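Residue-level structural notes
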Amino acid sequence: MLWPTLRAVAALGGSGRISEIDEAAMAEGGFTEEQQSVIHGAGPRTELEYRMAWARTHLKLIGALENSSRGVWSLTERGREVVEAGEAAVVASYSDYLRTRQKPAVQPDTDDQLALEEARDWKEELLQALLDLEPDRFERLCRRLLREAGFTSVTVTGQSGDGGIDGLGVYRLSLVSFPVFFQCKRYRGSVRAGAVRDFRGAMAGRGDKGLLITTGTFTAEAKREANRDGAPPIDLIDGEQLCDLLKEYGLGVVTRQRQVEEVEVDASIFEDV
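So, here is what we can say about the structure in this document. Fair warning: this is a prediction, and the values are worked out from it, not measured in the lab.

With respect to the pairing of strand S5 (residues 167–173)
Consecutive residues of a regular strand have side chains that alternate between opposite faces of the sheet. Inspection of the sheet shows strand S4 (residues 151–156) paired to S5 by four bridges, in the antiparallel sense. Across the sheet, Thr155 pairs through a bridge with Leu168, a residue of S5. Here S5 pairs with strand S6 (residues 176–185) via seven bridges, running antiparallel. Within the sheet, the bridge partner assigned to Tyr171 lies in S6 and is Phe178. The hairpin formed by S5 and S6 contains two residues between the paired strands, and Ser174 there has a positive phi angle of roughly 60 degrees.

Structure follows, in structure tokens:
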């Protein structure tokens with residue numbers, strides 16, 4: 001995944017967020033929806049997500065990528081040189097890195113990777129808890145989340161004949177409000193484009209604003225389908241975003257602030273003692 005990931009960042013103009021890079025890398029690699037849906041181990045991450053996370057880390061270690069505190073990854077000057085030189089240059093750079101590295105390459109020691117793994121730990125625990133919920137409880141949780149986010153008149157239908165529509169809420173934006181249909185997919189793996197089309201079809205004639213929430217991920221094809229020209233757009237919330245929202249609104253996630261004491265010795269004051 002090193003070369004598709006590096007090419008993806010270059011195709012995005014030299015920088016991008018993880019979700020953008022992953023989507024572009026899957027397109028670069030020509031991965032099918034079936035391949036995008038394979039989960040890693042017991043999940044909830046997909047195998048491709050797992051491998052692309054490591055690809056970003058290794059590309060950073062060889063100096064081809066760098067990332068900011070805001071989660072934006074970008075090409076370095078070395079990265080641009082490698083892109084110009086081609087795929088063989090990536091392999092050669094990584095091989096050189098492995099030869100000179102003292103620790104095994106499979107043991108990441110960067111602060112960024114450690115922070116990523118810590119974030120993954122609580123998110124994976126949270127996603128597993130969501131997967132263990134009964135479907136109706138998950139739908140009610142989504143209703144609570146939408147209310148916390150500013151929706152009013154949120155109702156859960158979840159009845160046969162609704163064509164996959166789980167509920168309806170009214171979202172107010174300044175002086176304007178509009179109805180939003182939502183669907184909740186308590187899912188392990190990737191939601192495919194067909195699910196997005198089915199949801200849009202269920203909305204036909206009833207409204208043109210839709211929100212699809214899942215504990216899993218969305219394939220690149222599903223994301224493109226959600227924003228296809230000429231069709232009502234569907235907003236997508238994947239498991240990663242769902243965790244962030246639950247954390248933001250304090251639903252099932254407790255955040256505690258840690259205070260760190262820094263001590264510095266100023267020996268200059270001893271000169272006047």
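Side note on the nonpolar core
Ranked by size, the top nonpolar core spans 25 residues in total, and within it Leu2, Leu6, Leu59, Ile62, Leu65, Leu75 and Val90 carry the most contacts. Ranked by residues supplied to this core, first place goes to helix H1 (residues 2–11) with five residues. Sequence-distant contacts of Leu59, defined by excluding residues within four places in its chain, comprise Leu2, Thr5, Leu6, Ala64, Leu65 and Val90. In terms of nonpolar packing, the next biggest core, distinct from the first, is built from 20 residues, Phe151, Leu211, Leu246 and Leu251 among them.

Remarks on the packing of aromatic side chains
Tallying each qualifying case throughout the model produces three aromatic pairs. Seen from their ring centres, Phe151 and Tyr171 are 4.9 Å apart, and the 45 degrees between their planes marks the pair as tilted. On the criterion of sequence distance, the pair formed by Phe151 in strand S4 and Tyr171 in strand S5 is long-range, its members being 20 residues apart. A residue is classified by how much of its surface remains accessible, and Phe151, at 12% relative accessible area, is buried. Here Arg56 stacks its cationic end above the ring of Trp73, 5.9 Å away from the centre of that ring. Sitting above the plane of the Phe178 ring, Lys209 keeps its charged end 5.6 Å from the centroid.

Reading guide: rules and limits
Residues numbered from 1 in each chain as written. Predicted model: local features only at pLDDT ≥ 70, side-chain atom pairs only at ≥ 80, totals over all residues. Heavy atoms only, no water. Pairing = 2+ DSSP bridges. Helix = DSSP H or I, 4+ residues; strand = E, 2+ residues; numbered from the N terminus. Core = buried A, V, L, I, M, F, W, Y, C linked by side-chain atoms within 4.5 Å. Buried < 20%, exposed > 50% of the residue type's maximum accessible area, 1.4 Å probe, protein only. Contact = heavy atoms within 4.5 Å. Phe/Tyr/Trp six-rings, centres within 6.5 Å; stacked < 30°, edge-to-face > 60°. Lys NZ or Arg CZ within 6 Å of the ring centre and 35° of its normal.

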